Amino acid sequence: MFLISDFVFYASNISTIMKTRFFCFLLLVAVYSASASAQVENRSKLNIKEIMALNYQGQSPTSFQWSPDGKYLYFQWNADNKPSDSAYRIDPANPILQKVARTELVKLRPVARKFNSDKSMELIEKNGEIYLVNCKKKDTTLIFSTTMPVSEVEFTHSGRKLVLNISNNLYLLDPVYGQFRQLTNFQAEKPEKAETPGRNAQQKDKLNDQDSWLMQDQQRLFPKIFAITGGGRRGGMGYMGMGGRPQGGGRTGGPQPVITSGYSVFGLQLTPDEKYVTFSKSWSGENSKQTIMPTYVTKSGYTETLNTRSKVGEVGGKMVLGILNIDKDSVYELQTEQIPGITDLPDYVKDYPDKYKDRPVEARPVRIMGPQWSPDGRFGVIEVQSDDSKDRWILSFNPADGSVKLLDRQRDEAWVSGPGIGYGQGTGWMPDGKRLYYKSEVSGYSHLYWVNVETGEKKALTSGNFEVYNPELSKDKKYWYFTSNEVHPGEHHFYRMPVEGGVREKITSMTGGNEVNLSPDEKWLAIEFSTANRPPELYFQKNQAGAEAFAVTDSRSDAFKAYPWRMPEYISFKASDGTMVYARLYKPAPGNANKAAVIFIHGAGYLQNAHKWWSTYSHEYMFNNLLVDNGYTVLDIDYRGSAGYGRDCRTGIYRHMGGKDLSDHVDGARYLVENCGVDAKRIGIYGGSYGGFLTLMCLFTEPDVFASGAALRSVTDWAHYNHGYTANILNTPDEDSLAYMRSSPINFAAGLKGNLLMCHGVMDDNVHFQDIVRLTERLIDLGKDNWELAIYPLEHHSFTDPDSWTDEYKRIFKLFQRTLR
């Protein structure tokens, strides 16, 4: 029997149960809401908007320049945020900072004084006139006055005459006998007469009322674009007007004209014996198709376009070294066919047997630098580099017949490069004037060598598993000064070494980055010193090993000083192929770890970031500290292709970007799991430019290793990037399509499983916005739905607006909080 009392009891229980369930539901909602809130909560003292602000860390001193006598060091330092009043000088012997007018810095800019060989005469160019100063008699004589533009005036090798470049032709002036002789007569082919612009063309910039309104509205909505300086003169300073022919009338003889039809002439140089003129002849390549880049947020309100670079594989021009025999008035060329190995094909052609089996053997296109003459004028040397960058030759050169003799050949089946190595870099004469010094990676690292031009003998001056940077001879020619990373791949020190090699004396001792500016008298080192957690400052040290360095500046802002910036742990781990990989590791405090990790990928071209000095990626360094405060372990790897580790690391990405450089990050993720208590399923990754490219490749080809990633300004298809960088590493798409297929993320987008954030500037003229648009369409076609794209209409490749930096890094932080916690 069912009693009313039972019903009341039952109803009461039902009410209690329902209330309990409703309370539990509310509790679950509260917990979920708290959890959702925690996903984006920042537990760090650092704030993304604040650390992305302009000069948050302060402004380090820059533009160091010694006075000619070596007494004062001048530099710019905007410590009090007054750009118009930011020039200083200091005497290291009496280190008291003095503010000076910025005009004083301009006056100090090096002006090359031109003396003849025995320093008895000085050449002065002023207001279109040329003067000679007799250094013994202290008198000055006007020897040449003209109204035509003279681009260069130099003493001849003998020091008795002057050679002038007037309108891209050489003239010889003997100031003693008043003789003036034209040496070359290059005449450019006259272009067809251009049509006179019509009235509409002349008035095309005039705005009607509608266009004026649009521009005003754009200014209301987007005031930043009107604050960006546009237009104006571009380029550096040119030579002031001088030139023409001397008094006495028109041409009465001289060399026969050479019509430069289809090519240009530059680099004219008179040989020391004054019998020949060498010059470069250059033919432009086939018309390359430029990329048209639309811009949407403009002053006019209309969509506007910019013409930007072409894509990799553009057909380059041709260059040869021309020689003019002055007495015979004849012109001939250096025959590149005589260069040893000029017809050698690279190894990668074996992958395309059908393409190359019937190709005729021919000399590869080259670039030629020089000649560079020994101090006594006896020896001339030219440098030649193949356009495919597989070869660099150093050759002695005889202008009488254009013949050459091999002194050194650097062959790299990847590409010839490395610190101080390449076209026109780091060569000079030893004190005896018979030996040429140069840099080479023949040992696997960039080291200093000499070769005897007369005998062909060669010798290494430095050796070891380290790099040598910026070698220069002392004033007395008895010593070398250079920087190297001998102590540690990520540590730079300044060294002195006897001119013939031997014991290297380490002069600097502070652990970090020591970038040295040696005083003219070689008594003092001005050191731009930094560590991983402190931006560069100016230090002084006497030029003696073991001398103590002392700080001159402290540029850190109060906000920057208030936070205990982490010194990363410097680690190395063994990659899957046995190579040692160096990295920076940031670990959260004990008890604060959330078992998630983020790997930051630095950009390229040839760059190092796991070093002991202040990173150019300062925003990322500060953001990584913020991540660690929130419990993440952060790893920053110098992957294959990074600088500072020798030739094999530099070329480790040849023909396969996204190969060993990517596996280094997979191995890094494994290191985090095995050594840092990281959950293998909660590892994220981010980076910009090349780092963005690798982020995409990691998510597309190793989706079970990386849960999420942020790819910033990423290359998505290497066939659409520029020629100069890409062709060295991947050759060209038509010649080595395999390299491009396996290196381009767009070909692997189907592998995406994790969460992907992409960020890109619309005005990026380095990695074009088209790159990310093409990948976006690919992701849509593949039906992928775990990705998002943020665009920045006013940003180029490197962001400049703090608001854009803030928006980008807030999105990155939200991504990791949502997907890794």
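About the cut-offs
Residues numbered from 1 in each chain as written. Predicted model: local features only at pLDDT ≥ 70, side-chain atom pairs only at ≥ 80, totals over all residues. Heavy atoms only, no water. Buried < 20%, exposed > 50% of the residue type's maximum accessible area, 1.4 Å probe, protein only. Helix = DSSP H or I, 4+ residues; strand = E, 2+ residues; numbered from the N terminus. Pairing = 2+ DSSP bridges. Axes fitted to C-alpha atoms, helices over the stretch in contact; angles between N-to-C directions. Expected span 1.5 Å × (residues − 1). Parallel < 35°, antiparallel > 145°, perpendicular 65-115°, else oblique. Left-handed = near helix turned anticlockwise from the far one by under 90°. Contact = heavy atoms within 4.5 Å. Nonpolar A, V, L, I, M, F, W, Y, C, P; charged D, E, K, R; others polar. Phe/Tyr/Trp six-rings, centres within 6.5 Å; stacked < 30°, edge-to-face > 60°. Lys NZ or Arg CZ within 6 Å of the ring centre and 35° of its normal.

## Brief notes about the pairing of strand β2 (residues 73-76)
Turning to step 1, where the next piece is worked out: On β2, burial covers both faces: Leu 73 and Phe 75 on one face and Tyr 74 and Gln 76 on the other are all buried.
Turning to step 2, where the next piece is worked out: In terms of strand pairing, strand β1 (residues 62-66) meets β2 through three bridges, oriented antiparallel. For Gln 65, the partnering residue across the bridge sits in β2 and is Tyr 74.
Turning to step 3, where the next piece is worked out: Here β1 hands over to β2 after six residues, with Gly 70 in that stretch at a positive phi of 80°.
Turning to step 4, where the next piece is worked out: Pairing of β2 with strand β3 (residues 87-91) involves four bridges; the strand directions are antiparallel. Paired with Gln 76 across the two strands is Ala 87, which belongs to β3.

## Overview of the sheet that holds strand β22 (residues 380-386)
Pairing between the strands of a sheet is mediated by backbone hydrogen bonds and can be parallel or antiparallel.
Turning to step 1, where the next piece is worked out: The strand order across the open sheet built from four strands is β21-β22-β23-β24, with neighbouring strands paired in antiparallel fashion. Both edges of this open sheet fall to β21 (366-373) and β24 (403-411), since each of them pairs with a single strand only. For this sheet, the mean angle separating the axes of adjacent strands, direction not counted, is 20°.
Turning to step 2, where the next piece is worked out: Here five bridges tie β22 to strand β23 (residues 391-398), and the two strands are oriented antiparallel to one another. The residue of β23 that forms the bridge with Ile 382 is Leu 395.

## Section: helix α9 (residues 618-629)
Turning to step 1, where the next piece is worked out: Along its 12 residues, α9 runs 17 Å from first to last C-alpha, staying within 8% of the 16 Å computed at 1.5 Å per residue.
Turning to step 2, where the next piece is worked out: Counting buried positions over the 12 residues of α9 gives 12, a clear majority of the element.
Turning to step 3, where the next piece is worked out: Among all positions of α9, only Ser 618, His 619, Glu 620, Tyr 621, Met 622, Phe 623, Asn 624, Asn 625, Leu 626, Leu 627, Val 628 and Asp 629 are buried.
Turning to step 4, where the next piece is worked out: At the exit of α9 stands Gly 631, carrying a positive phi of roughly 100°.

## As for the packing of helix α11 (residues 660-675) against helix α12 (residues 690-701)
Turning to step 1, where the next piece is worked out: In the contact formed by α11 and α12, the axes pass within 10 Å of each other and the chain directions differ by 70°. Taken together, the axes of α11 and α12 lie roughly perpendicular to each other. Note on packing geometry: the crossing formed by α11 with α12 is right-handed. From α11, Asp 661, Leu 662 and His 665 reach across to α12, where they touch Tyr 690, Phe 693, Leu 694, Met 697, Cys 698 and Thr 701.
Turning to step 2, where the next piece is worked out: Of the residues that constitute the contact of α11 with α12, the class distribution is six nonpolar, two polar and one charged.

## Considering the packing of aromatic side chains
Here the distance between the centres and the angle between the planes together describe a pair of aromatic rings.
Turning to step 1, where the next piece is worked out: According to the stated counting rule, one finds 42 aromatic pairs in the structure shown.
Turning to step 2, where the next piece is worked out: An angle of 45° between the planes, with centres 5.2 Å apart, marks the rings of Tyr 263 and Trp 283 as tilted. With Tyr 263 in the loop between β14 (258-260) and β15 (264-270) and Trp 283 in strand β16 (residues 276-283), this pair connects stretches of sequence that are 20 residues apart.
Turning to step 3, where the next piece is worked out: For the pair Tyr 438 and Tyr 449, a centre-to-centre distance of 5.8 Å together with 20° between the ring planes defines the contact as stacked. With Tyr 438 in strand β26 (residues 435-440) and Tyr 449 in strand β27 (residues 447-452), this residue pair connects regions lying 11 residues apart in the sequence.
Turning to step 4, where the next piece is worked out: What makes Tyr 438 buried here is its relative accessible area of 2%.
Turning to step 5, where the next piece is worked out: In this structure Tyr 449 comes out as buried when scored by relative accessible area, which is 10%.
Turning to step 6, where the next piece is worked out: One aromatic cluster is present, formed by Phe 600, Tyr 617, Phe 623, Tyr 686, Tyr 792, Phe 799, Trp 805, Tyr 809 and Phe 816 through successive ring pairs.
Turning to step 7, where the next piece is worked out: The ring of Tyr 352 has Lys 355 sitting right over it, with the charged end atom 5.0 Å from the ring centre.

## A few points about the environment of Ala 707
Turning to step 1, where the next piece is worked out: Turning to its location among the elements, Ala 707 is positioned in the loop between α12 and β42 (708-712).
Turning to step 2, where the next piece is worked out: Taking the relative accessible area as the measure of exposure, Ala 707 reaches 19% and is therefore buried.
Turning to step 3, where the next piece is worked out: Sequence-wise, Ala 707 and Ala 680 are 27 residues apart; in three dimensions their C-alpha atoms are separated by 9.1 Å.
Turning to step 4, where the next piece is worked out: Apart from residues lying up to four places away in sequence, Ala 707 is in contact with Lys 681, Ile 683, Gly 754, Asn 755 and Leu 820.

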